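Below, each chain spelled out in residue letters.
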Amino acid sequence: MSSYVPRSSGCTPFEEELINAMNNFAHSTDTPTFDTAAMVHRTRRRRATLIAGFAAALIVAGGGTALASMTGASQTSAKPAATVDHSKATFLLGGVTKEPIAVDLTGQDLGTAKGQLVKAKLKLGTVVKVNTPNCKPATVVELTPHTPKIVAKGDTVNVKLCAG
């Protein structure tokens, strides 16, 4: 059972016998087989599914946010929608597309209205508070000029806010 190979490693006879037995076992067994192509395909499929799931979640969240901002769901209104006159606080922005774009600032606060005017490259004119029934205080109730007049880039827009 013992090996007659000279000991150059400095190991004890038991350690050398153990090493020889392990080497004999390692050389007598078959090497394991791996289907690397299937493993790579499975990993890529899982990754693609995960990415598609995250993309769908982002699209749904972004679409919901965009829809809420378009409908004005983030703003509360103290008056019923039937009594609101949007034509007085809406301006038609011309020169951007073939048809003028209607921008409705009804019920917006002054900061939001300024942002919309800057975005449209318009100048803010005078800001006046007026007594108007059924409106939220400090919100836009009228713009001058308003629809049906068309404003172009660089024009001045005067704002009337609800006094309360």
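Calculation rules
- Residues numbered from 1 in each chain as written.
- Predicted model: local features only at pLDDT ≥ 70, side-chain atom pairs only at ≥ 80, totals over all residues.
- Heavy atoms only, no water.
- Helix = DSSP H or I, 4+ residues; strand = E, 2+ residues; numbered from the N terminus.
- Buried < 20%, exposed > 50% of the residue type's maximum accessible area, 1.4 Å probe, protein only.
- Contact = heavy atoms within 4.5 Å.
- Pairing = 2+ DSSP bridges.
- Disulfide = S-S within 2.5 Å.
- Axes fitted to C-alpha atoms, helices over the stretch in contact; angles between N-to-C directions.

**Q** Mind showing me how you'd approach the overall build of the chain here?
**A** In terms of regular secondary structure, the chain is built from three helices and six strands. Starting at the N terminus and walking to the C terminus, you meet the elements of the chain as α-α-β-β-α-β-β-β-β. Burial status across the chain gives 18% buried among its 164 residues. For the chain, the share of sequence-separated contacts (at least 6 apart) that also reach a separation of at least 24 residues comes to 62%.

**Q** Teacher, can you tell me more about the pairing of strand 6 (residues 156–162) here?
**A** Within a regular beta strand, the side chains point alternately toward one face of the sheet and then the other, so they alternate between its two faces. Looking at chain direction, strand 3 (residues 123–130) and strand 6 are connected through six bridges and run parallel. Following the sheet pairing, valine 130 is matched in strand 6 by cysteine 162. The sheet contact formed by strand 4 (residues 140–144) and strand 6 spans four bridges and is antiparallel. Opposite leucine 143, over in strand 6, you have valine 159 as the bridge partner.

**Q** What is the right way to read the sheet that holds strand 2 (residues 101–104) from this model?
**A** Hydrogen bonding along the main chain pairs the strands of a sheet, whether they run parallel or antiparallel. The strand order 2-1-5 describes an open sheet built from three strands, whose pairing is mixed. Each end of this open sheet is capped by a strand with a single partner; those strands are strand 2 and strand 5 (150–151). In terms of strand pairing, strand 1 (residues 90–93) meets strand 5 through two bridges, oriented parallel. By the bridge assignment for strand 5, leucine 92 is matched with isoleucine 150.

**Q** When you look at the state of the cysteines in this model, what are you seeing that I'm missing?
**A** Linking two cysteines covalently through their sulfur atoms gives a disulfide. In this structure the tally under the stated criterion is one disulfide. There is a disulfide in this structure between cysteine 135 and cysteine 162, and the S-S distance comes to 1.7 Å. Where cysteine 135 bonds to cysteine 162 through sulfur, the torsion about that S-S bond is close to 55 degrees, and the disulfide is right-handed. On the criterion of sequence distance, the pair formed by cysteine 135 in the loop between strand 3 and strand 4 and cysteine 162 in strand 6 is long-range, its members being 27 residues apart. Take cysteine 135 and cysteine 162: they sit in the same class, and that class is buried.

**Q** Explain unusual backbone geometry to me, please; I cannot follow it from the model alone.
**A** Glycine aside, a negative phi is what most residues show, and trans is what most peptide bonds show. The residue after threonine 144, namely proline 145, is reached through a cis peptide bond having omega 0 degrees. Mapped onto the elements of the fold, proline 145 is located in the loop between strand 4 and strand 5. For asparagine 134, which is not glycine, the phi dihedral falls at a positive 60 degrees. As for its placement among the helices and strands, asparagine 134 is situated in the loop between strand 3 and strand 4. Asparagine 134 sits in the exposed class, given a relative accessible area of 53%. Look at alanine 138: it is not a glycine, yet its phi comes out positive at around 65 degrees. Within the secondary structure layout, alanine 138 lies in the loop between strand 3 and strand 4.

**Q** How should I be thinking about the sheet that holds strand 6 in this particular structure?
**A** A sheet is described by the order of its strands in space; here three strands give the open sequence 3-6-4, paired in mixed fashion. Only two strands of the sheet have a single partner each, and these edge strands are strand 3 and strand 4. The sheet shows a mean angle of 25 degrees between the axes of neighbouring strands, taken without regard to direction.

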